[in-house]
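Tertiary structure, described
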Amino acid sequence: MDPQQQAAAPAAAAAAGSASTTTPAAGRDPTIVQQQQQALPPQGAAPDNAKIVEEFQFLLEKSQQLFAGLRDLPPTGRNWQPYFQRTFEVYTKLWKFQQQNRAVLENQESYGLKRWEIGEIASKIGQLYYHYYLRTSETNYLYESYVFYEATRERQYFKDVMDAKNPSLVIKKLRYYARFIVVCLLLNRSEIIKKLMDELTTLVDEYTKVFKPNDAAEWNAVLSEISTFLEAERKLTPADNDGNPLSAPTRLQVERSLKFDKDGQPKLKLQEAILVGNYQNQIKFSELTLDMYRVLQSLEREPATQPSSSGVTMGNKPEAPAEKKEGESVAGDEFAGEKTVATRRTNPHKYLLYRPTLSQLMLYISTAFKDISDNSALLLFLSADGSKRNIKADQENGGYLGGVATAVNFARKMPEKVDADHISLVHSLHPGDLVPFTRKPLFVIVDSNNSSAFKSIGRVFSQAFVCLMSPTEYPTSIKDTTQIGNLFTLFLHSPVKALAFVCNVTETAMETWAKSIALMQSAESIAFELLNAPTANIDKSFKRFLQDDFLGQFTVHFVVASALLQSHNSFKDPNNHPTSNPPISNSITLAPELLSKLHEVVTTLGVDDQFTFTPVGAPAATITAATSSAALAPAPAVADGAEKVEGA
């Protein structure tokens, strides 16, 4: 992250739940701390009460110190785990201690513990789980964070902060709401987000009216970012006949088990993923862009069960992640509604990079490259403006003729006479920059108006390499895609949502939408079988990456997107179509059995008049309602050689 951006947007940084926004000074209010430190137990108080207060103050101070230290942990590597463990252990002791001694601590003559102080501890534990989720990519910890945040809201720990007439306490509550909304966004809890937005809007208005603070504009900007983000998501799915928004799966639902011919190689697994959002103008909330948000969810499995947001019961304490037992909730009983299935999962580790500079991006790529094994893969997702060389270049510059732009650190003094073309190229990621990292399996996704530049990457080291590239142009008849994020990324995330957007499907019956999702999943199964068939005309790199569920899903969605966009009547220019390196043959993307199933999808949605499905090798034949199910049944050679996929 650009240090300038971090310094320029403290409210936005707080919204992201960044550990750097919480320091000892951001813990308890200094005035209140001083008052409570002076309010030592009187001489007539019981000695045990004095010891209880002393122990609580020690644990509270220790927890604040450890929490503040989270910002100093290295963003890469594995050295952060022991520190997190220590922090969880102290918060576990603190939470259990304040529970067991609540009566003494709330006594005004002993300590005078306020409800907002209890809420702050619970909120910090929620932040810990959220940051642990970011470090591990395990969605169970994200659910545990939600449980703590939701219980804090239900018990109204921050209810009376406005009565204290202390702006620092109100800021604590504002940050709590912003962080809670981030967690709800990642969990797709749209109903609770609406309630939180109403409450946050009211609180910001009160905060601005009562205190007239200097950061009022920043908090209003946070509200605007959230509203824009939610509106972009709302536009993607149709509403039912009653006006209620419909939904579609966002996380990996199916694990496909493949049986490959013995080739002496262990099964490949996606281990590290780097998600980059580097468009100058993009919809975002804090430092999470729409494209990053969608790919992030596509790289996670859906947990088997989810904690309930109601029925929270009193219990014991939050457990540190390393201490939890298989099958138990990480959060313990204090805030647990339903126990989550917390078995160890295998989601790839992710780095989320918003507007990184070239040096920052190369550092993260190098670190991830170092961490993966020979039988693991690195995913690099680039959502960025294109950068092209404006002059005719020599052949010697192959691989460095342009790429995607990165952020520029303007803190350094720039020369008075600047060649804009030169600066742009210097601060761009070129295809040639990625060649050294092809020594290990590398899967690249480029969503940019200059994505085609990455066709030039060669497989120098005989390792698996694939690059999926977005269209470089879109038809003028298609709605403005800047209002919903990038269309190519949307297709890779959820083909049915992307189809609904392209065809302007804004309203449909719930049963029709459910049927469309089921048919699209069947189409994805057919695409998977085509890719995995022994007779498939496809590069062996794709075969290797199909061994991983996540990379396999991206590849399948790419095939579906290619088939739909090549068949759409408005996407006639070759620049309107996605491409790949190495290329995928039209014998797969325009296979009769795939187009037949996709015709069923668009017919169900009532938009079949926008498509002309022409199977490969049969230019005169188009798929109609009469031919979609019978005349164009899957070819026996493909069906016999493909692995069957249940419930794609």
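Residue numbers restart at each chain and count upward from 1, following the sequence in its written direction. Local features in a predicted model are, by the rule used here, given only for residues with pLDDT of at least 70; side-chain atom pairs are given and counted only at 80 or more, and totals for whole chains, interfaces and linings are based on all residues. To get the side-chain values, all heavy atoms of the structure are used, and hydrogens and water are removed first.

Summing up its helical and strand segments, the chain has 23 helices and 11 strands in all. The buried label applies to any residue whose accessible area, calculated with a 1.4 Å probe on protein chains only, is under 20% of its type's maximum; exposed applies above 50%, and partly exposed to all values in between. Looking at the chain as a whole, 56% of its 648 residues qualify as buried. Contact criterion: two residues are considered in contact whenever any of their non-hydrogen atoms come within 4.5 Å of each other. Sequence separation of 24 or more characterises 76% of the internal contacts of the chain that already satisfy a separation of 6 or more. Of the accessible surface of the chain, which amounts to about 27600 Å², a share of 50% is contributed by carbon and sulfur atoms. A helix here means a DSSP run of H or I that spans at least four residues, while a strand means a run of E at least two residues long, and both kinds are numbered starting from the N terminus. All accessible areas in this document rest on Shrake-Rupley with a 1.4 Å probe, and a residue is counted as covered only by the protein chains that are shown.

What follows is about the packing of helix H11 (residues 216-234) against helix H12 (residues 290-298). Between two packed helices, what matters for the description is the angle formed by their axes and the separation of those axes. It is at 11 Å that the axes of H11 and H12 come closest, and there the two elements cross at 60°. Taken together, H11 and H12 sit at an angle that is classed as oblique. Both H11 and H12 take part in a crossing whose hand is right-handed. Contacts between H11 and H12 involve Phe 229, Ala 232 and Glu 233 from the first element and Leu 290, Tyr 293 and Arg 294 from the second. Each residue gets one of three labels, nonpolar for Ala, Val, Leu, Ile, Met, Phe, Trp, Tyr, Cys and Pro, charged for Asp, Glu, Lys and Arg, and polar for the others, Gly among them. In terms of residue class, the contact of H11 with H12 is made up of four nonpolar, no polar and two charged. The angle between two axes is taken between their N-to-C directions and runs from 0 to 180 degrees, where each axis is a line fitted to C-alpha atoms and a helix contributes only its stretch in contact. The labels follow the angle: roughly parallel below 35 degrees, roughly antiparallel above 145, roughly perpendicular from 65 to 115, and oblique for the rest. Helix crossings are classified by the rotation of the near helix relative to the far one: an anticlockwise turn of less than a right angle makes the crossing left-handed, while a clockwise turn makes it right-handed.

All right, on to the confidence of the model for the chain then. Confidence in the prediction of the chain, expressed as mean pLDDT, is 82, and 76% of residues score 70 or more. As a per-residue quantity, pLDDT reports the predictor's confidence and falls between 0 and 100. By mean pLDDT, the top-scoring element of the chain is strand E9 (residues 442-447) (98), and the lowest-scoring one is helix H23 (residues 636-641) (36). Every residue in residues 308-317 is under pLDDT 50, and counting partners more than four places away or in other chains gives 38 contacts. Under a pLDDT of 50 for its full length, residues 322-343 has, in the predicted model, 74 contacts with residues more than four places off or in other chains.

With the exception of glycine, the majority of residues adopt a negative phi angle, and the majority of peptide bonds are in the trans configuration. Here the amide bond leading from Asn 581 into Pro 582 is cis, since omega sits at 0°, within 30 degrees of zero. Position of Pro 582 among the secondary structure elements: in the loop between strand E11 (579-581) and helix H21 (586-589). With a phi close to 55°, Gln 156 is a non-glycine residue in the positive phi region. Mapped onto the elements of the fold, Gln 156 is located in the loop between helix H8 (139-154) and helix H9 (167-186). Judged by its relative accessible area of 44%, Gln 156 falls in the partly exposed class.

Pairing between strands requires that DSSP locate at least two bridges from one strand to the other. Within the open sheet, the six strands sit side by side as E4-E1-E5-E9-E10-E11. Their pairing is mixed. Strand pairing shows two members of the sheet lacking a second neighbour, strand E4 (349-354) and E11, which therefore form its edges. Between one strand axis and the next, the sheet turns by 10° as a mean value, whatever way the strands run. By the bridge criterion, six bridges tie strand E5 (residues 376-384) to E9 in an arrangement that is parallel.

Before going further, it helps to examine helix H13 (residues 358-371). Take the number of residues in a helix, subtract one, and multiply by 1.5 Å to get its expected span. The end-to-end C-alpha distance of H13, which contains 14 residues, comes to 20 Å, matching closely the 20 Å that a straight helix rising 1.5 Å per residue would cover. Of the residues making up H13, those classed as buried are Leu 358, Gln 360, Leu 361, Tyr 364, Ile 365, Thr 367, Ala 368 and Phe 369.

Both site types are read off a 1 Å grid over the protein atoms alone. A 1.4 Å probe that fits but cannot get out defines a cavity, while an open set with protein on both sides within 12 Å along at least five of seven lines defines a pocket; lining residues have an atom within 4 Å of a point. Grid points are joined across faces, edges and corners, and a volume is the space filled by probe spheres set on the points. Approximately 890 Å³ is the volume found for the second largest pocket. Lining the second largest pocket we find 33 residues, and of these Ser 190, Glu 233, Thr 237, Pro 245 and Leu 246 sit closest to its centre. Counting residues per element, the lining of the second largest pocket draws most heavily on helix H10 (residues 190-211), which supplies five residues.

What follows is about the packing of aromatic side chains. Aromatic rings from Phe, Tyr and Trp, taking only the six-membered ring of Trp, are treated as a pair when their centres fall within 6.5 Å; an angle between ring planes under 30 degrees marks them as stacked, one over 60 as edge-to-face, and anything in between as tilted. Under the defined criterion, the tally for this structure stands at 23 aromatic pairs. Geometrically, the ring pair formed by Phe 88 and Tyr 132 is edge-to-face, given 5.8 Å between the ring centres and 90° between the ring planes. Of this pair, Phe 88 sits in helix H5 (residues 81-100) while Tyr 132 sits in helix H7 (residues 115-136), and the two are 44 residues apart along the sequence. The same class applies to Phe 88 and to Tyr 132, which are both buried. Grouped by ring-pair contacts, the aromatic residues Trp 80, Phe 84, Phe 88, Tyr 129, Tyr 132, Tyr 141 and Phe 148 constitute a single cluster. For a lysine, the NZ atom is tested; for an arginine, the CZ atom; a charge sits over a ring if that atom is within 6 Å of the ring centre and within 35 degrees of the ring normal. Sitting above the plane of the Phe 67 ring, Lys 124 keeps its charged end 5.1 Å from the centroid. It is Arg 189 that lies over the ring of Tyr 146; its NZ or CZ is 4.4 Å from the centre.

It is worth spelling out the pairing of E5 at this point. The buried fraction of E5 is high, at nine of nine residues. Going residue by residue along E5, you find Ser 376, Leu 378, Leu 380, Leu 382 and Ala 384 tucked away on one face and Ala 377, Leu 379, Phe 381 and Ser 383 tucked away on the opposite face as well. Alignment of strand E1 (residues 269-278) against E5, held across nine bridges, turns out to be parallel. Bridge pairing in E5 links Asn 278 to Ala 384.

Further remarks concern the pattern of salt bridges. Basic side-chain nitrogens of Lys or Arg form a salt bridge, by our definition, when they fall within 4 Å of a carboxyl oxygen of Asp or Glu. Within this structure, the stated rule accounts for 14 salt bridges. Here Lys 124 and Glu 120 are joined by a salt bridge, their closest N and O atoms 3.8 Å apart. Placement of the pair is Lys 124 and Glu 120 together in helix H7, with a separation of four residues, close to one helical turn. In this pair, the class of Lys 124 matches that of Glu 120, namely buried. Here Arg 294 and Glu 233 are joined by a salt bridge, their closest N and O atoms 2.8 Å apart. Pair noted here: Arg 294 is in helix H12 and Glu 233 is in helix H11, with a separation of 61 residues, a long-range link. Pair check on accessibility: Arg 294 and Glu 233 agree, each one buried.

The subject of this paragraph is the pairing of E4. Counting buried positions along E4 gives five out of six residues, so the element sits mostly inside the fold. Note: E1 against E4, six bridges, orientation parallel. Paired with Glu 272 across the strands is His 349, a residue of E4.

Take the environment of Phe 501 next. Positionally, Phe 501 belongs in helix H17 (residues 495-502). Through-space distance from the C-alpha of Phe 501 to that of Leu 236 is 5.8 Å; in sequence the pair is 265 residues apart. The residues contacting Phe 501, other than those within four sequence positions of it, are Leu 236, Ile 478, Lys 479, Asp 480, Thr 481, Ile 484 and Leu 487.

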